[in-house]
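Structural features, examined
Single-letter residue listing:
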Amino acid sequence: MQSARPHLGLALGLTAILLTACSDSNDRAPMAPAPEPPPAPSYLPIAQPEVADPPDAGNLFLLSTTFDLADVGYRQREFFLAGEATAFRNVSELGSDGAWEVEPAETATYRTRVVVYQPLDAENFSGTVLVEWLNVTAGFDTGPSYGSGHVEILRQGHVWVGVSAQRVGIEGSETPVAPLHLKAANPARYESLDHPGDSFSYDMFSQAAQALREPGNMDLLDGLEIEHLVAMGESQSAGRLVTYINAVHPLYNTFDGYMVHSRGDGAPALAQSPLEPITTPDSVLIREDLNVPVFNFQTETDVLLLGSINDRQPDSDQFRLWEVAGTAHGDYYSFIIGREDTGEDPRFLLVEEANGIPGFLNCARPVNAGPMAWVFGAALRALDTWVRDGTPPPTGEPLAVDDSGSAFLKDDLGNVLGGVRTPWVDAPVAILSGEGQEGDRLCFLFGTTVLFDAAQMASLYVDQAGYEAAVAEALDEAIAGGFLLEEDAVRIRAAAPLQWQAQVQE
């Protein structure tokens, strides 16, 4: 997107002149000419990548939802993007305020892939395209923001696009959770991909946006007209977006909004080996002079364990922060059961105990089974509304911490105080924590769940009717606050009797 957003100054100035010309008074001094409107911002052009179909060699590879997309009115398609990407260098010091000034630097050729999920029926397209910076922490591509928010994404008719922006997703890492990077998962299909290094990832991400917004030799969306283009990324991808927002967005005005999902403190380097590294400060805020909204969605894990408390900043015209009580960076829904959820069965909302991801991750204690996905769905809705009509999301209370900022304050049951509240913590059936635990290498990100026994449930709610009433009250408050969606509330209410029966009657 190269053009600046519209200004009303010139129109208002002309209106004032016309009204003055219509006056029949001759004894007034002539009105001074209306001031010239400020010049429109000037943005650099984004390079247009070449788009191609991948080789006809097996299926595309991406660990994602497991149901057939056609069953929910969607289809998937993969494309290869190729071109020349640029790295960036700073013009002045990269300060903690995020108001960075950078310029294009070295260039390198690349070839990567994008995956597109779009409605089968063009009439069901919402006009919003969500572009996710695929996460490579596990040593291969995943789309955790899609995993958490797919029910809301699909029911709204948004297009989702996953971009393999980083080298690890293609070439792998030295210590992967599993050898599932693209060239290992399907060598015949992906052997031609070529990533010059993550210094070039920011521009590669921009070029994916360019291919979507202004199609070149191929249209990734098969004729769909984009109204709003929103970037999203979780965990290390959220960090890459922080650097992108502060350094790259002001050059190109690429996206209409950003979802920064579960960032830690600081931000990734602007450039890194094999180029000369350009590091960023230990604490980094989102710059305050942006022309588009940024939504920062945080779990308990992110605030203390990953240090984002050091980067807390107040809400503003273009920034919102939600810190969600009872949640973890990775959780039971997003990484274990949610991959099968088509948005209908209330059992996907139950708080249950499971010790990890079968075949991938074995943790010492049951992982967090909190409300992250359902609050994240509300956050996606709020961001889409914000981008569409300028209505900002509600302001969320920060999670409560002690005076040292090193420990959460908790209620008598053991759940954290403050933050965005839901029935999971205000009508609880468990202690839900985002604090670390033991086990395989990523288990510290998955928090814990400790279910209440039957006696404790009875002491809190007396019987099933009492529990359902407590859920209904907390749910009404969360919906009224804008932190849960009525569409999800239908399943939350339906899950309440199932939850009681699972914990008390079995």
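Residues numbered from 1 in each chain as written. Predicted model: local features only at pLDDT ≥ 70, side-chain atom pairs only at ≥ 80, totals over all residues. Heavy atoms only, no water.

1. Re the overall build of the protein
Stated formally: Each helix corresponds to a stretch of at least 4 residues labelled H or I by DSSP, and each strand to a stretch of at least 2 residues labelled E; elements are numbered beginning at the N terminus. All radius of gyration figures rest on C-alpha atoms, and the globule criterion is 2.2 Å times the number of residues raised to 0.38. Buried means the residue's accessible area, taken with a 1.4 Å probe over protein chains only, is under 20% of the maximum for its type, while exposed means over 50%, and partly exposed covers the values in between. Two residues form a contact once any of their heavy atoms are found within 4.5 Å. The method behind every accessible area is Shrake-Rupley, applied with a 1.4 Å probe, and residues are considered shielded solely by the protein chains displayed. None of His or the chain ends enter the tally, which takes Lys and Arg as positive and Asp and Glu as negative. Charge coordinates come from a single atom per side chain, which is NZ of Lys, CZ of Arg, CG of Asp or CD of Glu.
Looking only at helices and strands, the protein features 14 helices and 13 strands. A compact globule built from 506 residues would reach a C-alpha radius of gyration of about 23 Å, and the protein, at 24 Å, matches this within 12%. In terms of overall dimensions, the protein has a C-alpha envelope of 85 × 70 × 50 Å along the principal axes. Out of the 506 residues belonging to the protein, those deemed buried represent 55%. Considering only contacts in the protein between residues 6 or more positions apart, those separated by 24 or more positions represent 79%. Counting every atom, the protein has about 20,700 Å² of accessible surface; 52% of that belongs to carbon and sulfur. Charge centroids of the protein, computed over 27 positive and 72 negative side chains, lie 4 Å from each other.

2. Quick word on the confidence of the model for the protein
Here is the rule we go by: Values of pLDDT, the confidence the predictor places in each residue, fall between 0 and 100.
Across the protein, pLDDT averages 93, with 93% of residues at or above 70. Within the model, the stretch residues 1-26 combines pLDDT values under 50 with 30 contacts to residues more than four positions away or in other chains.

3. Focus: the pattern of salt bridges
Let me state the cut-off plainly: Take a side-chain nitrogen of Lys or Arg and a carboxyl oxygen of Asp or Glu: if they are within 4 Å of each other, that pair is a salt bridge.
Enumeration according to the criterion identifies 24 salt bridges in this entry. One salt bridge connects Arg493 with Asp476, and the closest N-O pair in it is separated by 3.8 Å. Taken together, the residues Arg493 in helix H14 (residues 486-505) and Asp476 in helix H13 (residues 464-481) connect sequence positions 17 residues apart. Each of Glu152, Arg155, Arg381, Glu487 and Asp488 takes part in one network of salt bridges that share partners.

4. Focus on the environment of Trp322
What counts is decided by this rule: N or O atoms closer than or at 3.5 Å make up a polar contact, with two conditions inside protein: a donor-capable atom paired with an acceptor-capable one, and, for residues adjacent in sequence, both atoms drawn from side chains.
Turning to its location among the elements, Trp322 is positioned in strand E9 (residues 319-324). Take Trp322: its relative accessible area is 0%, and that puts it in the buried class. Residues Trp322 and Val420, 98 residues apart in the sequence, show an inter-C-alpha distance of 6.6 Å. Of note is the side chain of Trp322, whose polar atom sits 2.9 Å from the backbone oxygen of Pro394.

5. Considerations on the pairing of strand E2 (residues 74-90)
For clarity, the threshold we go by: Here the rule is simple: two strands pair whenever DSSP picks up at least two bridges between them.
Inspection of the sheet shows strand E1 (residues 50-52) paired to E2 by 3 bridges, in the antiparallel sense. Note on E2: the bridge partner recorded for Glu50 is Ala82. With 16 bridges connecting them, E2 and strand E3 (residues 102-119) associate as antiparallel partners. Along E3, the bridge assignment pairs Ala82 with Arg111.

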